[in-house]
Amino acid sequence: MSKPHLSAAIQDYLKEIYKLQSEGTRPTTTAIARRMGVAPSSATSMLKKLAALGLAEHSPYRGVELSEAGSKIALEVIRHHRLLEVYLAETLKLSIDAVHEEADRLEHVLSEELEARIDEQLGYPTHDPHGDPIPDAGLRMQKRRLRSLDALQPGEEATVERVPDDDADLLRYLARLRLVPGGHVTMRRAEPFDGPMTVLVDGDEHAISRELAMQIGIA
C-alpha cells in the first residue's frame, strides 16, 4: 500500500488509535492525547484532519472510529514496525529494550519492496520480540487470547508470551529477570490484598508487583 502523501504524524495517530481499539479501550480524545503525549487540543486538531481525509470518524459518545482506509494504513504501519523490530533483534542483535524506538524511526520510510524482502529473509515471522502479532502481507493479524501473569495460582507454570513494548527501562528490568517472551515462569506465592507476587524464573525467585504481573501475557 502506498501512503507517501501521509505525514509520519498522521500515520502515528492512526497506529495508536488502532492499537487502542484492539486493546478494548475506547479511543476518546483524552485517551488518544495521553497515548500520543500531546495536549487534548492538539489531538482534537489531528482528529479533525483524519476525518477530513476520510480516515476516521469522531462521535462524542463512541470516541474515534477508523474507516476501512484508516485501518488499512494503521495495519501497514504496524506491520512495518513489528517486522523491523524482529529484523533489528535477530539480524542486528539489538536488545529487546532498544528495538521499539529504532523501529519508530524507520517504520515510515520502509518501502514495500524492502518490507517484502525483510519478511522473506526472516522466514515470515508472526510475532515481534515483545510478543505482539505481526500483520501478514494481506494485513491479516493473528488473534490470540492470553492470560496475565497475575492469574497464575501458586505452583502453576506458564510461558511468557507478551510484554509491554514502549518502556525501555521496564524492558531492561524484565530482561534482567528473564521475564520476556519464551521465558518459563512458575508462581510461588501471591500475597493477599493485592500484595506482591513471587515468581520462579530459571531457578531464581523474584518478587514483582501485581500491577507489573498484570502487564505480562502468558500461555
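Residues numbered from 1 in each chain as written. Predicted model: local features only at pLDDT ≥ 70, side-chain atom pairs only at ≥ 80, totals over all residues. Heavy atoms only, no water.

S.K.: Help me understand the overall build of the chain, please; the structure alone is not making it clear to me.
M.R.: The helix and strand tally for the chain stands at 8 helices and 8 strands. Its C-alpha atoms give the chain a radius of gyration of 19 Å, within 12% of the compact-globule value 17 Å for 219 residues. When its C-alpha atoms are laid out on the principal axes, the chain stretches across 55 × 45 × 25 Å. Excluding contacts between residues fewer than 6 apart, the proportion of contacts in the chain whose partners are at least 24 apart in sequence is 62%. Total accessible area computed for the chain in this model is approximately 11,600 Å², and 50% of it derives from carbon and sulfur atoms. One way to put it: in the chain the 27 positive side-chain charges average out to a point 3 Å from where the 36 negative ones average out. (Helix = DSSP H or I, 4+ residues; strand = E, 2+ residues; numbered from the N terminus. Rg over C-alpha atoms; globule rule 2.2 N^0.38 Å. Contact = heavy atoms within 4.5 Å. Areas by Shrake-Rupley, 256 points an atom, 1.4 Å probe, with all protein chains shown as cover. Lys, Arg positive; Asp, Glu negative; His and termini not counted. Charge placed at Lys NZ, Arg CZ, Asp CG, Glu CD.)

S.K.: Sorry if this is basic, but what is going on with the sheet that holds strand β6 (residues 197-201) here?
M.R.: Each strand in a sheet pairs with its neighbour through backbone hydrogen bonds, running either in the same direction (parallel) or in the opposite one (antiparallel). Spatial strand order, β3-β8-β4-β5-β6-β7: 6 strands in an open sheet with antiparallel pairing. Of all strands in the sheet, those bounded by a partner on one side alone are β3 (147-148) and β7 (204-208). Of the pairings in the sheet, the one linking strand β4 (residues 157-162) to strand β5 (residues 184-190) comprises 3 bridges and is antiparallel in character. Pairing of threonine 159 across the sheet is with histidine 184, part of β5. (Pairing = 2+ DSSP bridges.)

S.K.: Just to check I follow, could you spell out the pattern of salt bridges for this structure?
M.R.: Pairing between side chains of opposite charge can happen when their charged atoms approach one another. By the definition in use, this model includes 21 salt bridges. Linking lysine 15 and aspartate 104 is a salt bridge whose minimum nitrogen-to-oxygen distance equals 3.2 Å. Placement of the pair is lysine 15 in helix α1 (residues 8-22) and aspartate 104 in helix α5 (residues 99-106), with a sequence separation of 89 residues. Members of the salt-bridge network, linked through shared partners, are Glu16, Lys19, Glu23 and Arg35. (Salt bridge = Lys/Arg side-chain N within 4 Å of Asp/Glu carboxyl O.)

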